[in-house]
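Examination of the molecular architecture
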Amino acid sequence: MGTSVQVTPLSGVYNENPLSYLVSIDGFNFLIDCGWNDHFDPSLLQPLSKVASKIDAVLISYGDMLHLGALPFAMKQFGLNAPVFSTEPVYRLGLLTMYDQSFSRKAVSEFDLFSLDDIDSAFQNFTRLTYSQNHHLSGKGEGIVIAPHVAGHLLGGTVWKITKDGEDVVYAVDFNHRKERHLNGTVLESFYRPAVLITDAYNALNSQPSRQQRDKQFLETILKTLEGGGNVLIPVDSAGRVLELLLILEHFWGQRFLNSPIFFLSYVSSSTIDYIKSFLEWMSDSIAKSFETSRDNAFLMKHVTLLIGKEDLDNASTGPKVVLASVASLEAGFSHDIFAEWAADVKNLVLFTERGQFGTLARMLQADPPPKAVKMTMSRRVPLVGDELIAYEEEQKRLKREEELKASLIKEEELKVSHGPENNLSDPMVIDSGNTHPPLDVVGSRGSGHRDVLIDGFVPPSTSVAPMFPFYENSLEWDEFGEVINPDDYVVQDEDMDQSTMHVGGDIDGKFDEGSASLILDTKPSKVVSNELTVQVKCSLIYMDYEGRSDGRSIKSILTHVAPLKLVLVHGSAEATEHLKQHFLNIKNVQVYAPQIEETIDVTSDLCAYKVQLSEKLMSNVLFKKLGDYEVAWVDAEVGKTENDMLSILPISSPAPPHKPVLVGDLKMADFKQFLASKGVQVEFAGGALRCGEYVTLRKVGNPSQKGGTSGTQQIIIEGPLCEDYYKIREYLYSQFYLL
Amino acid sequence: MLFACSFHLDHAASLPYFLEKTTFRGRVFMTHATKAIYKLLLADYVKVSKVSVEDMLFDEKDINHSMDKIESGAQGFSLLGSCPSAVKQERQALCYAWHFKLINLSVTDPYKVIDFHQTVDVNGIKFWCYTAGHVLGAAMFMVDIAGVRVLYTGDYSREEDRHLRAAEMPQFSPDICIIESTYGVQLHQPRHLREKRFTDVIHSTLSQGGRVLIPAFALGRAQELLLILDEYWSNHPELHNIPIYYASPLAKRCMTVYQTYILSMNERIRNQFANSNPFKFKHISPLNSIEDFVDVGPSVVMASPSGLQSGLSRQLFDMWCSDKKNACVIPGYVVVGTLAKTIINEPKETSTFLKELMPPNIILVHGEATEMGRLKQKLITEFADGNTKIITPKNCQSVEMYFNSEKMAKTIGKMAERTPDVSETVNGILVKKGFTYQIMAPEDLHVFSQLSTGNITQRISIPFSGAFGVIKHRLEQIYESVESGTDEESGSPTLHVHELVTVKQESDRHISLQWSADPISDMVSDSVVALVLNISREVPKVIVEAEDLKSVEENRKKAEKVIYALLVSLFGDVKLGENGKLIVSVDGNVAELDKQSGDVESENEGLKERVRTAFRRIQSAAWLTLKKQQILCEISSGTRAQETRGTAAQLIKEEGAVNKSISTHEIDFQRYDFLIHYLLEFGMNMCASLDLQFSGNHV
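The rules behind each value
- Residues numbered from 1 in each chain as written.
- Chains lettered and ligands numbered in written order.
- Predicted model: local features only at pLDDT ≥ 70, side-chain atom pairs only at ≥ 80, totals over all residues.
- Heavy atoms only, no water.
- UniProt positions renumbered as here; feature names shortened; annotations may be inferred.
- Contact = heavy atoms within 4.5 Å.
- Buried area = accessible area lost by both parts, 1.4 Å probe.
- Salt bridge = Lys/Arg side-chain N within 4 Å of Asp/Glu carboxyl O.
- Polar contact = N/O pair within 3.5 Å; in protein donor to acceptor, adjacent residues only side chain to side chain.
- Helix = DSSP H or I, 4+ residues; strand = E, 2+ residues; numbered from the N terminus.
- Nonpolar A, V, L, I, M, F, W, Y, C, P; charged D, E, K, R; others polar.
- Pairing = 2+ DSSP bridges.
- Buried < 20%, exposed > 50% of the residue type's maximum accessible area, 1.4 Å probe, protein only.

As named in an unreviewed UniProt entry, chain B is Beta-Casp domain-containing protein, taken from Salix viminalis. Entered under Subcellular location (unreviewed entry) in the UniProt record, the comment concerning chain B runs "Nucleus".

Chain A goes by Cleavage and polyadenylation specificity factor subunit 2 in an unreviewed UniProt entry, where it is assigned to Salix viminalis. You can read under Sequence similarities (unreviewed entry) in the UniProt record for chain A the words "Belongs to the metallo-beta-lactamase superfamily. RNA-metabolizing metallo-beta-lactamase-like family. CPSF2/YSH1 subfamily." Checking UniProt for chain A, the heading Subcellular location (unreviewed entry) contains the comment "Nucleus".

Dropping the structure here:
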């Protein structure tokens, strides 16, 4: 009857592995999220590789490793070739995150899973949407509408809503209902009864202190360390939660006139902040408002210095400082190196703001009690010297020679072919004659012309006995109007100005900081040197929850409120998943699923439905009653058919059969108490019941765990002796309901 | 709701006045960039406008306040009323030649700034906006009301320029397109040629040692010109020592807005932004006032106002106009300047845009009457197939269009387990949210909507010290079904009356009644209460009631009177005809009603149907009322019990039948003492509800 929906987890169920799920809707396959962890473990992607070619569209919800990390690799290796949808910040910050990861890895290892070009080409497939934009898919997905909605947690974070034939499939993971400094809370609560909700159990067992208390503690901990002459290291992600932390620090520093330096160190820090400044539309209302009224961009930070290389940090200052460095897991990047340096000093502090990924150094350090010492591999890229350099150069030369040889062979072949007289217009020597227009093209073609002359010109044609310049006859064609010309040569180039600027600016999509640029462009022969060392962990280690995800209690209440017909649980430890599953098994009207990896579950709605046309005749006799957003009415009607064979309903011809009256309304005892009080009735709560006046009591019975909209009919008992009050209160009670 | 399409004065200038000084309490929507610039622009405008304080319509305070209002969203309804299928479009000319566009619909929740393509849903009315080109933040609004789409274009430009996207072609063709008739820009030259002419003039003037003045409006196209100049300078190192100034504090203030809302601009700028912010000019600097300007040698100055009426541009013009080396470049396509030009030209852009869009209805706004007429003529020839309606309303003239959209409902849940065949009945709750309809069973209400149903159990205790058997006996005299039983918990005897009301002996001195609330049970329980109290009166006297003596004939007369009165209240003109028939005339249509049989004769089918239904309902209601009175008398007198029993049972059944008509009205329950009153009023209520239903149907 309904739309067929299947969900197959590819990674990230019953554990904290990266997220990746296959959702097919009437045969159209969505890959929702395509994450990888900081270990870059290809075995995790095994399930994805099997289905990659079947995927019709990819939806990305957040711009961090766990949600899009595997995208470049999958595009390159698994033949994943589908349009990708995300919001603008997810696209941009995701790109920066991938660059940062890639640089961090390249600096310390022969990282060859994907190159920067792979990242760029993967991100070219992105279609960027704005929040609440209904995007209608075409072709195979005709009839499917996808729309991103605010999710909180990270900038541009998305709750995906996929709609077909009025049935909603909602994918919401890692959302945050709390409003933060730079982000609004999620709008997940505004959805009601979607057919399927896919959500995570990651934080189901987590509880959080109040924001004020946490911020206070955060600041005090940092200040104590700084006063004690120690440094604070905060391992952060490249372009996600770090924004919130920067704003918090910036705010405190401004408020308390602190002058210890704050550094944000990542390979892409300055470009991240540059982009962030133009993403105000995506941030919280208060940030947008402050810009609209006073043009203060919250990310023009006075106290934070952006750094893109570790040398800058060493040069910057010697006193106590706060350093936010990527990557959060301490597995690589600047945070890894700084940790190794600072861990041995008792005065220092390493402040974790998010739970480390499973199996990473950060996770080990967050254990209780923390390890006394950890083994770390320190790697660095060093230029080759001495014998190694010579060997390398020789190898390179050899390769070059081979290539040249190959190239010259090919050229020779071509030359042989091009000797034919029919080809003399393509003669490289005459390129200047007719083609001075437009200048830009000439630059391009002249370049190749020169090369041809220099390289090929001196290759003796096999037919000649001695080396000689090639000569081609320059025959011009004439007709009755004169020389035959190619009109294209004289067309004024439309995008004249544009082209020139594009050349000036370069068209690499994505900006590199100079330091990082030198890193990739640096072709100096180098190798990776690594040595194992044991680092004594003496510094203080503290974990504070700045992950920006809803806590367990809120998750439950939000999900209860949303009340999906079918709930699919993914991502989260086995324990958390089981906990949440048990919680919802007790609730009526919600079916819970928690599939295993590669287990396909069918969550096709078993809802029966058919469509009818409401005839004008019937509607003019229906009296609606307004109840909040809804209008309700009882209809007794007769089924008929319209001209185009649609079912329609008409007014009933015979008297309607009696039906059991329905009382519609939601009685809140507290509200009713106020209502009665306003009518001059003495009311008080006593023993779970509402005592109205002297004799009458009012009680609501039913299962207390079924709050809100998911409960069935609410049972209200009114009791009292036969007296005037009884009838008065009953009348008030009736006034809270609509009788249908 | 009020939509502001762009920050230009002719679109948004009256906003503070409208929000602060009128009764408008709706919501205001605009894009981020529009809002940021709107504030700066108006604050500046208030400062520079040379109007005396009394003539000023609003001051800076009002602007700031209006910003807050946009932010927090005033609650309430727009006073102009709402009409879902007819979209009114109002244009007002305030003291200045400003106008604003208003689509009025009722509103409740607070306001939000919107982004391009973001769909906003207000009471089921959806709208979103497309990029319009023209200036930063300019938007075309598409409003979708129950499937009828209206596109309001505002100022738009179909040509992509240096920093803005061209106006988008909407994905769906709208049913109505409201379009400006002023903006039929003819493209005389391709963009790059115009740009080349522009830069060439400047370059040659400068190389001859002259100065260049560009009078331009501070915002909008000026930014485009600055981009061109900055780029040109970057590509021509020989010009690097010649300064470019833009002499407008307003433009300077707005520059941060341009530097921030890059995402509202085109791909080209966004790609450039990947390298450096193109609005952080390398060769252009702001100039605060003429005092700061050191006039030595060649320079380029862009100054406002564009018309050279006064201010800095005029001062510079006066200074420089005497030297023929100098040049004053008036950028012809700055919007203000083109207005006159476009009148001469063919309205090409508008018509090509409309041709691609093919809307069935076009409303032309904003433009002189003659010009509008010209455009209309042109459009009529272009859409010669005749299916396109073109309307040119005058100010304050509202356009009403009716769209007959088919209302579709989705039947879901238990009711939909089987798709019914023709002529089967469907009974359930029709739930309307926004413009979507669903039909469902009452049990499913909480499943598919956020509404919940309630069940009220009533328990009332009555002092009674007599024998329980007496109650049973008396009840049996009235009601057909009285079953004895015992309570499972206390073991005390109980009676079930028609499975609706349970009477239970609580102690020697009390009995209790328990039932779940609905009109029938309430009535039954009330009669039980009356009965019990009557027994308690110890001396059940036989009272000879006046009603007892009433003959059937009298009852009939009374019924007829009631029927007549009710018909008058419904249809107004009702006369007693010669043949004993009632003649009902409504709007010239006449229907004859036979009181006995209920047959109606009329030439108008609609009226016939209405009169028949009304009569049927009135008849049953009136009959019931009278019957009830009769029964009550009998109950209280305690006589003729055997005879009445059957009648009471029938009464309960009848009640079910009319339940439909009473169900739509809240029932005013009265205390048992006034049982008779209650029943009388009960009847009256039915009539009142009938009244409601019919008065709602007069078309």
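That covers the picture; the talk isn't over yet.
1. A short note on the interface of chain B and chain A
Facing 110 residues of chain B, the contacting portion of chain A comprises 111 residues. Surface buried jointly by chain B and chain A totals about 10,300 Å² across both partners, of which 56% is contributed by carbon and sulfur atoms. Our count for the chain B to chain A interface comes out at 4 salt bridges. A salt bridge links Glu88(A) to Arg270(B); its shortest N-O distance comes to 2.9 Å. Remark: the boundary between chain B and chain A carries 24 residue pairs in polar contact (both at pLDDT 80 or more). Counting residues per element, the side of chain B that touches chain A draws most heavily on strand β20 (residues 453–463) of chain B, at 10 residues. Considering only residue class, the side of chain B that touches chain A consists of 43 nonpolar, 39 polar and 28 charged. In the sheet, strand β29 (residues 663–664) of chain A pairs with β20(B) via 2 bridges, with the strands oriented antiparallel. Bridging from a neighbouring strand, Leu663(A) pairs with Gly454(B) of β20(B).

2. Some remarks on the pattern of salt bridges
Summed over all chains, the structure comprises 34 salt bridges over all chains. Taking the shortest distance from any N to any O, the salt bridge between Arg270(B) and Glu267(B) comes out at 3.9 Å. One end of the pair, Arg270(B), and the other, Glu267(B), are both in helix α8 (residues 267–273), 3 residues apart, so they sit about a helical turn from each other. The class of Glu267(B) is partly exposed, set by a relative accessible area of 41%. Arg612(B) is paired through a salt bridge with Glu609(B); the nearest N and O atoms lie 3.8 Å apart. Of this pair, Arg612(B) and Glu609(B) both sit in helix α18 (residues 605–637), 3 residues apart, which is roughly one turn of the helix. When salt bridges with common partners are traced through the structure, they connect Glu88(A), Arg128(A), Glu267(B) and Arg270(B) into a single cluster.

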